[in-house]
Amino acid sequence: MDLNKWRHAVGVADQGSFTAAAMRLHISQPALSRSIQSLERELGLVLFERGPAGIAITAVGQPILEQARALLGQAEALQESVRDIVRGDAGAVRFGVGPMFATLLDQVLPALWQPKQSVTVQAHVLPVERLVVRLLRGELDFFIADGRAARGQKAIAVEPLGEAPVGYFVRPSHPLAARSNLKISELASFPRVAPNLPEATIEQDRDIRMSSQVSAGQLNCERLDLLVRMASGSDAVLLAIAPMIEDTLASGELVRLDISDLRHWRADIVLARSALLQFSPLVRRYAEAFGTAVTNRIATAA
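Attention in this report is confined to the structure presented alongside it. (Residues numbered from 1 in each chain as written. Predicted model: local features only at pLDDT ≥ 70, side-chain atom pairs only at ≥ 80, totals over all residues. Heavy atoms only, no water.)

Moving on, we come to the packing of helix H1 (residues 3-15) against helix H2 (residues 18-25). In the contact formed by H1 and H2, the axes pass within 8 Å of each other and the chain directions differ by 125°. As judged from the angle between their axes, H1 and H2 are oblique. Helix-helix and strand crossings are classified by hand; for H1 and H2 the assignment is right-handed. Each of Arg7, His8, Gly11, Val12 and Gln15 in H1 lies in contact with H2, whose residues at this interface are Phe18, Ala20, Ala21, Arg24 and Leu25. Considered class by class, the residues forming the contact of H1 with H2 number 5 nonpolar, 3 polar and 2 charged. (Axes fitted to C-alpha atoms, helices over the stretch in contact; angles between N-to-C directions. Helix = DSSP H or I, 4+ residues; strand = E, 2+ residues; numbered from the N terminus. Parallel < 35°, antiparallel > 145°, perpendicular 65-115°, else oblique. Left-handed = near helix turned anticlockwise from the far one by under 90°. Contact = heavy atoms within 4.5 Å. Nonpolar A, V, L, I, M, F, W, Y, C, P; charged D, E, K, R; others polar.)

Structure below.
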């Protein structure tokens, strides 16, 4: 089906003459006549009656041209939709972040998502093992988290974003806040607030594993902002990636504990994606924005 021929036919019907339609369509009148004649031969029927007084749409041509007008409208809508997708102004993006990176949503999403665009966004804050599972199932386009759980997965491509210090944080009036060269064992008697962590992070190192042993209460959840508030208002000790709570540290609401055996503790932050599928323009925009936000945070905190 040649849409140009249908566009010519609808143009003639709308203008009421070949001359006016040719001018409107920016085509010569002989070329327009040949196009209509070719279409009529293909259809095996006459769309227009031609006479000294001009043209008239035939009875059989009337419903056909109405359908053609609707078809051209759909084709134009399709072309505009394709243009929006190519520009990254339409489509869907599904991504996740690890709990320690939840504050990135507040930073990045308001600048990216525009209500007037035909864009559907699904953002998830989940432990990294669950992000890996969802990515492998094709339920996510990408995620940002500590990369240890994603490495070794052949179906996942990993883009390193950098390393960032991990530590324990308390309110300035906390009994441990002013102490230097703390021992890991001194943490155990204080309540702990922390995101749900990947097992690989805790088990990789003896000192890190020991620091997770708590004799007091624990609160684990994906709401980093809630955990910060809990630590700032009690003697609870917060486990976090330092750059992800930089505003809280800058304001003095929390301070980092000086634990000599944990000074080497760093998160290996990555952007993980399917190794088989390419990003759409929209997904690429979101992935680049979140990746840049992470690298900027790390650089600022360095």
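Counting residues in hydrophobic clusters, the biggest one holds 59 residues, and the most contacted among them are Leu238, Tyr286 and Phe290. Top element by residues in this core is helix H11 (residues 281-301). It accounts for 8 residues. Residue contacts for Phe290: discarding those within four places in its chain leaves Phe95, Leu104, Leu105, Val108, Leu109, Leu112 and Ile144. If you look at the next biggest cluster of nonpolar residues, it comprises 16 residues, including Ala9, Leu32, Phe48 and Ala68. (Core = buried A, V, L, I, M, F, W, Y, C linked by side-chain atoms within 4.5 Å. Buried < 20%, exposed > 50% of the residue type's maximum accessible area, 1.4 Å probe, protein only.)

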